[in-house]
Amino acid sequence: MSFRLRALLILCLVFISAPAISHARDAGSSAAQWAFEPNDIPVDPAFRFGRLASGVRYIIRRNATPAGTALVRMDVAVGSLDEREHERGYAHFIEHMAFNGSTRVAEGEMVRLLERYGLAFGADTNASTSFDRTLYKLDLPTNDPQLLEIALLLMRETASELTIEQAAVERERGVILSEMRDRNTWQLRDTIANTQFFYPGSRFAQRFPIGTAKTLNAATAAKLRAFYKRTYVPQNVTLVVVGDFDPDLVEATIRAHFGRWRARKPKSQPDAGPIRTRDRDRTAIYLDPAVSERVTIARNGPWLDEPDTVLQRQEDLLRQIGYAIVNRRLQRLSRQADPPFRGAGFGTGDVFESARSTRLIVDTVDRKWRRGLIAAAREYRRALVHGFDPSEVAEQVANIRTSLESAASSAETRSNAALTAAALALISDRVVPSTPADALARFRDFAPQITPEAVLAAMKREAVAITDPLIRFRGRHDPAGGVKAIRAAWAEAMKAEVAMASSTDLAGFAYSDFGPAGVVISDQREPIMGVRQVRFANGIMLNLKRTDIEKDRVRVSLSLDGGNRLDTLVNPLATEMIPFLSEGGLGQHSADELQTILAGRNVSGRLRTGGETFDARATTTPRDLELQLQLWTAFIMDPGYRAEGEVQYRHNMNNYFEQLRATPITALRAELGGILSDGDPRFTQQDVKAYRGLTFGKLKRDISDRLTHGAIEIGVVGDFDEDEAIALVAATFGALPPREPAFRDSSEQPPRTFTSDRQRRIVRHTGPADQALLRVVWPTRDDTDPVEALQLQLLERVMRIELTESLRETLGKAYSPSAASALSRTWPQYGTFNVSASLDVQDVLAARAAIRQTVVGLRSDPVDNDVLQRARQPLLEALQNALKSNDGWLSLVDRAQSESDRIERFARAKERLTAIEPKDLQAAALRYLDPDQGLEVLALPEGATPPE
């Protein structure tokens with residue numbers, strides 16, 4: 001969606017860049033002009049820019065992160081805004097037809113061809129359509145020149161050579177209608193209603209890219225070809241290739257494929273508006289049982305034409321700091337023990353080139369909208385009346401400085417994805433891609449001018465005054481007093497006196513001394529991957545791997561014994577509140593205080609729950625590695641368990657249960673654990689009352705033993721000095737009292753079992769009456785056998801291909817059928833294999849039969865060699881590229897001592913995967929996928945008769 005609001009998130013990520021604007025396509029020469037022609041922001045010289053005689057533009061960047069890979073994008077400045085009334089949904093339809101036949105590629109062959117080269121459909125081969133553009137995406141797993149040739153050939157075919165045959169249109173129509181059905185969620189319905197209220201009569205409010213059932217059903221090959229020929233012209237196309245290729249080779253290949261495309265005069269893209277900037281004093285109430293309570297207050301103003309320049313970036317920086325401070329104040333209120341709202345945000349953004357919109361959004365607990373609205377509105381007024389404190393500005397400036405310094409220090413190893421995003425921002429938003437070093441230098445020059453007064457003035461220059469605003473209430477319950485009460489609450493907030501915000505001077509981080517440093521008792525390097533394995537006298541395990549993949553970046557993992565294994569038959573919710581532990585802060589600092597104290601530092605403190613461990617991951621720098629370790633150590637030894645964390649949990653939990661059955665997938669997920677486990681409380685969702693009764697006091701009792709005694713393993717990967725890292729861990733985790741030397745297993749718990757009752761189960765949802773979700777699940781095994789684990793993983797890929805070709809391409813019954821193999825490392829002998837399809841209720845029987853036929857076929861005959869290659873090659877390429885990222889390394893390093901078998905398994909995975917033959921997959925299907933033993937779970941609308 002091209003409508004973007006800046007600074008509406010409670011936690012704002014602030015970058016020194018131009019505002020995110022969606023620019024309309026112009027039929028004149030300016031459409032072919034780059035944003036840096038001319039401009040006072042020096043463009044990054046490593047990008048190569050070009051333009052063919054036809055008007056096709058291209059951006060090329062050589063880059064080797066990850067090494068031996070590349071990203072290819074084709075941006076077509078055509079979207080749903082280009083559609084006439086009877087063409088609604090056509091831009092998206094054309095995107096789908098790109099995979100359904102062209103002059104040189106037969107229908108269905110594009111995906112197959114790419115799969116043979118290791119590109120998985122969906123993950124590496126995809127496309128998307130928005131209001132103003134369509135983006136085609138190929139992620140190349142190798143830098144084979146032949147693959148580049150194929151990728152650009154396919155892009156060229158898509159640009160003007162699609163055949164769009166009627167038979168293919170008929171088949172794809174069912175897929176698109178399935179996608180429309182799947183996307184008909186409460187979120188989309190709320191978004192559409194929201195857009196139509198704030199921008200009534202605008203073109204974009206009536207041009208959501210999915211289209212309408214009426215226009216899609218009326219689409220013919222001739223009509224689609226007419227839209228395609230009218231809009232897909234050279235001047236609307238820009239190619240982006242970023243990766244490990246010689247730019248000369250890329251440029252020559254682009255010219256070879258696109259050089260003969262003849263120019264045709266493009267038509268201007270229709271304006272997204274009109275947006276009535278004088279629209280005011282309207283109120284709407286939108287009710288839906290699934291939506292959480294929210295009040296949105298807004299005014300629209302004229303669009304500000306602000307080209308990307310040095311002065312404009314300075315102005316934008318000041319504005320963004322202002323919005324960030326307001327949002328920081330709102331966040332502070334939401335973290336109170338008795339908060340007035342769950343969350344709130346304030347910001348301004350461009351609505352294409354038609355208007356700008358300033359909004360205050362307030363999310364509240366059900367029926368608490370009035371208190372939340374008044375509290376948020378007062379903070380908005382407080383900022384406008386009294387401005388900002390220097391300490392607030394300093395906090396935001398520290399975050400910005402750190403972000404820019406980190407970007408500059410790691411510039412040499414920026415990822416293909418980051419550089420591609422910069423190139424696309426130039427195309428769609430006219431943001432000049434400068435170097436991180438230039439951006440940092442400009443910031444340092446400008447920083448002395450960043451004062452509270454300058455920040456407030458800049459924010460006021462952009463923000464539209466919210467007087468006589470448009471107000472939209474959404475929720476599950478009618479607001480008491482209706483429209484009059486909503487307007488009265490706003491009027492009350494606007495008249496109330498507001499005092500200047502108080503400023504708090506906080507001391508530094510209180511956790512820097514944990515006692516005498518720990519002693520290393522073992523230090524060795526494992527031979528396969530060269531991971532250094534260190535053990536301290538207190539039992540702490542540390543694994544280190546230095547890489548040069550990301551300059552000035554360190555990725556760190558923490559694994560603490562516990563996890564879901566602590567959930568027992570009598571205490572199944574023991575670990576439920578762990579994700580909110582960090583919201584309870586530390587003994588010496590609240591979560592909100594920590595955010596201020598740690599401003600400008602690259603650290604993270606959030607824990608998550610795994611099968612047998614509590615886990616945390618963070619990306620930091622060599623400079624902040626010590627603080628990261630101190631923060632984690634503090635959370636282990638002195639969690640705060642503050643009441644505000646409990647409140648955050650309760651608000652989220654209550655909203656979760658209210659939305660539980662609003663869609664087929666959420667309804668199925670809620671029931672599936674209990675169905676598969678015969679109601680074992682450890683894997684079954686409990687009654688809402690059980691969750692409402694949870695407290696941090698109970699959590700403390702349930703996890704304190706693990707925090708104090710549980711085994712700990714730390715992984716460090718990236719650009720760091722190994723000996724320095726060992727010393728830092730010695731001074732933090734190594735200084736803790738002795739701990740258990742090994743992680744516990746699940747032997748003390750009853751086993752996890754798969755139900756023996758294979759009767760079909762029906763789950764009910766409250767969503768649209770045509771939506772169904774069919775899932776069939778089989779029990780398999782645990783993952784102790786690496787060969788069989790790979791066989792099941794490959795069988796999963798084969799199943800996806802077969803289901804996509806049967807359910808999606810042939811029958812047109814499902815948009816995205818899936819398969820998944822999940823083998824447990826925690827529970828012996830437990831694992832599952834499942835297939836899923838989101839369907840129209842009337843198509844359940846056909847889909848059920850197709851799934852059964854696919855399973856029977858995999859059992860009766862060996863897999864076709866071509867299908868096997870298409871399934872296996874993406875897995876082989878993924879293995880080949882796994883250790884070209886620090887995240888990939890960390891997945892092996894994090895538990896290199898306690899789960900050392902994972903390194904050997906990875907090292908032999910390619911050999912084992914290559915050795916798998918069709919007969920092996922047939923044997924696996926015979927062993928596990930008995931069509932009569934699969935447990936079918938079907939999510940249906942309330943009141944719908946189960947199809948038989």
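Residues numbered from 1 in each chain as written. Predicted model: local features only at pLDDT ≥ 70, side-chain atom pairs only at ≥ 80, totals over all residues. Heavy atoms only, no water.

Asker: What is the right way to look at the overall build of the protein chain in this model?
Answerer: Helices and strands together make up the secondary structure of the protein chain, namely 28 helices and 23 strands. The C-alpha atoms of the protein chain give 29 Å as radius of gyration, which agrees with the globular expectation for 948 residues (30 Å, within 12%). The principal-axis extent of the C-alpha atoms belonging to the protein chain is close to 75 × 75 × 60 Å. With 948 residues in all, the protein chain has 59% of them scored as buried. Taking contacts inside the protein chain between residues at least 6 apart in sequence as the whole, the part at least 24 apart equals 84%. Accessible surface for the protein chain amounts to roughly 36900 Å². Of this, 51% is attributable to carbon and sulfur atoms. Charge separation in the protein chain, taken as the distance between the mean sites of 123 positive and 125 negative side-chain charges, equals 5 Å. (Helix = DSSP H or I, 4+ residues; strand = E, 2+ residues; numbered from the N terminus. Rg over C-alpha atoms; globule rule 2.2 N^0.38 Å. Buried < 20%, exposed > 50% of the residue type's maximum accessible area, 1.4 Å probe, protein only. Contact = heavy atoms within 4.5 Å. Areas by Shrake-Rupley, 256 points an atom, 1.4 Å probe, with all protein chains shown as cover. Lys, Arg positive; Asp, Glu negative; His and termini not counted. Charge placed at Lys NZ, Arg CZ, Asp CG, Glu CD.)

Asker: It is not clear to me how a nonpolar patch on the surface should be interpreted in this structure. Could you clarify?
Answerer: Taken together, I285, L287 and V483 make up a surface patch of nonpolar side chains, about 210 Å² in accessible area. Turning to its location among the elements, L287 is positioned in strand β7 (residues 283–287). (Patch = residues over 30% accessible without salt bridge, like charges linked within 9 Å, V, L, I, M, F, W, Y side chains within 5 Å. Salt bridge = Lys/Arg side-chain N within 4 Å of Asp/Glu carboxyl O.)

Asker: Explain the pairing of strand β9 (residues 343–351) to me, please; I cannot follow it from the model alone.
Answerer: Moving residue by residue along a regular strand, the side chains alternate between the two faces of the sheet. For β9, the tally of buried residues reaches nine of nine residues, placing the bulk of the element in the interior. Here β9 runs beside strand β10 (residues 355–364); their pairing, made up of nine bridges, is antiparallel. Within β10, the position partnered with A344 by the bridge is V362. (Pairing = 2+ DSSP bridges.)

Asker: Sorry if this is basic, but what is going on with the nonpolar core here?
Answerer: Soluble globular proteins tend to pack their nonpolar side chains together in the buried interior. Among the nonpolar cores identified, the biggest contains 55 residues, and M74, I94, Y136, L140, I164, L239 and F258 are the most heavily contacted of them. If you tally residues by element for this core, the top one is helix α3 (residues 145–160), at eight residues. The contacts of I94, once residues within four sequence positions are left out, are Y136, L162, I164, L224, F227, Y228 and Y232. (Core = buried A, V, L, I, M, F, W, Y, C linked by side-chain atoms within 4.5 Å.)

Asker: What should I look at first to understand the sheet that holds strand β4 (residues 125–129) in this one?
Answerer: Working definition: the strands of a sheet are paired by backbone hydrogen bonds and lie parallel or antiparallel to each other. One open sheet holds the six strands; their spatial order is β1-β2-β6-β3-β5-β4, and the pairing between them is mixed. Both edges of this open sheet fall to β1 (47–51) and β4, since each of them pairs with a single strand only. Averaged over all adjacent pairs, the angle separating strand axes in this sheet is 15°, with direction ignored. Two strands pair when backbone bridges link them, and β4 and strand β5 (residues 134–140) are joined in this way by five bridges, in the antiparallel orientation. Within β5, the residue paired with T129 across the bridge is T134. Across the sheet, helix α8 (residues 247–258) is in contact with β1, β2 (57–62), β3 (70–76) and β6 (237–243); its angle to β2 comes to roughly 155°. (Axes fitted to C-alpha atoms, helices over the stretch in contact; angles between N-to-C directions.)

Asker: Which parts of the structure should I look at to understand the pattern of salt bridges?
Answerer: As a working rule, side chains carrying opposite charge can pair if their charged atoms are close by. Tallied over the entire structure, the rule returns 95 salt bridges. The salt bridge involving R116 is made with D866; its shortest N-O contact spans 2.7 Å. Separated by 750 residues along the polypeptide, R116 in helix α2 (residues 109–116) and D866 in helix α25 (residues 865–881) bring together distant segments of the chain. The partly exposed category is assigned to R116, whose relative accessible area is 23%. Judged by relative accessible area, D866 falls into the partly exposed class, the value being 24%. Because the salt bridges share partners, they merge into one network encompassing E612, R617, E713, D783, R825, D894, R895, E899, D901, R902 and R905.

Asker: What exactly am I supposed to notice about the UniProt feature "domain: Peptidase M16 C-terminal" (unreviewed entry) in the protein chain here?
Answerer: The positions UniProt marks with the feature "domain: Peptidase M16 C-terminal" (unreviewed entry) are residues 219–309 and 710–874. Secondary structure across residues 219–309 divides into 25% helix and 23% strand, with the first and last C-alpha atoms of the span separated by 44 Å. (UniProt positions renumbered as here; feature names shortened; annotations may be inferred.)

Asker: For this particular structure, what's the right way to read the side chain of S80?
Answerer: On the secondary structure map, S80 appears in the loop between β3 and α1 (90–97). On the accessibility criterion, S80 (0% relative accessible area) is buried. Those residues in contact with S80 that lie beyond four places of it in its chain are A91, S130, F131, R207, F208 and P209.

Asker: Would you mind showing me how to read the packing of aromatic side chains here?
Answerer: The geometry of an aromatic ring pair is captured by two quantities: the separation of the ring centres and the angle between the planes. By the definition in use, this model includes 25 aromatic pairs. Consider the rings of W34 and F36, whose centres lie 6.1 Å apart with planes at 5°: the pair is stacked. Residues W34 and F36 agree in their burial class; the two are buried. An aromatic cluster of three or more residues is present, and its members are F131, F197, F198, Y199, F204, F208 and F352. Sitting over the ring of W34, R57 keeps its end group 4.2 Å from the ring centre. The ring of F683 is capped by R752, whose NZ or CZ atom sits 4.0 Å from the centre of that ring. (Phe/Tyr/Trp six-rings, centres within 6.5 Å; stacked < 30°, edge-to-face > 60°. Lys NZ or Arg CZ within 6 Å of the ring centre and 35° of its normal.)

Asker: Can you walk me through the sheet that holds strand β19 (residues 761–765) in this structure?
Answerer: Spatial strand order, β19-β23-β20-β22-β21: five strands in an open sheet with mixed pairing. Strands at the two margins of the open sheet, each flanked by one partner only, are β19 and β21 (818–823). Here the average twist between neighbouring strands, direction ignored, is 20°. Both β21 and strand β22 (residues 831–840) contribute to a ladder of six bridges, which runs antiparallel. Looking at the pairing, A819 lines up with V835 of β22.

Asker: Would you take a moment to explain the pairing of β1 for this structure?
Answerer: Both β1 and β2 contribute to a ladder of five bridges, which runs antiparallel. Within β2, the residue paired with F47 across the bridge is R61. The antiparallel pairing of β1 with β2 creates a hairpin that spans five residues between the two strands, and G55 there sits at a positive phi of about 110°.

Asker: Got a minute to help me understand α25 in this structure?
Answerer: Three- or four-residue spacings in an α-helix give side chains the same orientation, since the helix completes a turn every 3.6 residues. Over its 17 residues, α25 extends 24 Å from the first C-alpha to the last, a length consistent with the 24 Å expected when each residue adds 1.5 Å. The sharpest bend along α25 measures roughly 25° and falls at R872, with the proline P874 sitting one to four residues further on. Looking only at α25, the buried set comprises V867, L868, R870, A871, R872, Q873, P874, L875, L876, E877 and N881. At the N-terminal end of α25, a side-chain oxygen is found 2.9 Å from the backbone nitrogen of D866, two or three residues along, and the residue is D864. (Expected span 1.5 Å × (residues − 1). Bend = angle between axes of the 7 residues up to and from the residue. Polar contact = N/O pair within 3.5 Å; in protein donor to acceptor, adjacent residues only side chain to side chain.)

Asker: Looking at this model, I keep getting lost on the environment of F514. Mind explaining?
Answerer: Within the fold, F514 resides in the loop between α15 (482–495) and β12 (520–525). F514 gets classed as buried once you look at its relative accessible area, which sits at 12%. Separated by 348 residues in sequence, F514 and Q166 have C-alpha atoms that sit 72 Å apart.

Asker: It is not clear to me how the packing of α25 against helix α27 (residues 901–915) should be interpreted in this structure. Could you clarify?
Answerer: Packed helix pairs are specified by the crossing angle of their axes together with the interaxial distance, meaning the distance between the axes. Where α25 meets α27, the axes come as close as 10 Å, and the angle between the chain directions of the two elements is 160°. Judged on the interaxial angle alone, α27 and α25 are roughly antiparallel. The interaxial crossing formed by α25 with α27 has left-handed handedness. Packed against α25, whose contacting residues are R872, L875, L876, L879 and Q880, the element α27 presents F906, A909, K910, L913 and T914 at the interface. Tallied by class, the residues present in the contact of α25 with α27 amount to six nonpolar, two polar and two charged. (Parallel < 35°, antiparallel > 145°, perpendicular 65-115°, else oblique. Left-handed = near helix turned anticlockwise from the far one by under 90°. Nonpolar A, V, L, I, M, F, W, Y, C, P; charged D, E, K, R; others polar.)

Asker: What should I look at first to understand the side chain of D75 in this one?
Answerer: Here D75 is to be found in strand β3. Polar contacts involving the side chain of D75 include one to the side chain of R133, which spans 2.9 Å. Excluding its chain neighbours within four sequence positions, the residues that come into contact with D75 are R133, T134, L135, N236, V237, T238, L424 and I427.

Asker: What am I meant to see in helix α10 (residues 369–386) here?
Answerer: With 18 residues, α10 extends 25 Å from end C-alpha to end C-alpha; this agrees with the ideal 26 Å at 1.5 Å per step. Looking only at α10, the buried set comprises W369, G372, L373, I374, A375, A376, A377, E379, Y380, R381, R382 and A383. Count one or two residues on from α10 and you reach G387, which has phi positive near 75°.

Asker: Would you mind showing me how to read the environment of I712 here?
Answerer: Its place among the elements puts I712 in strand β18 (residues 712–718). Judged by its relative accessible area of 0%, I712 falls in the buried class. Apart from residues lying up to four places away in sequence, I712 is in contact with G539, I540, M541, L558, S559, L560, I636, F733, R739 and F743.

Asker: What is the right way to read unusual backbone geometry from this model?
Answerer: In most cases, non-glycine residues show a negative phi, while peptide bonds are predominantly trans. Cis geometry is adopted by the peptide bond preceding P38, which originates at E37 and carries an omega value of -15°. Here P38 is to be found in the segment before β1. Residue P274 is reached from G273 by a cis peptide bond, and omega for that bond is 5°. You can see P274 is positioned in the loop between α8 and β7. Phi at D552 takes a positive value of approximately 65°, unusual for a residue other than glycine. Relative to the helices and strands, D552 is located in the loop between β14 (541–546) and β15 (554–561). With phi around 60°, D678 is a residue other than glycine that occupies positive phi space. With respect to the helices and strands, the residue D678 is situated in the loop between α19 (664–676) and α20 (688–692). The class for D678 is exposed, based on a relative accessible area of 53%.

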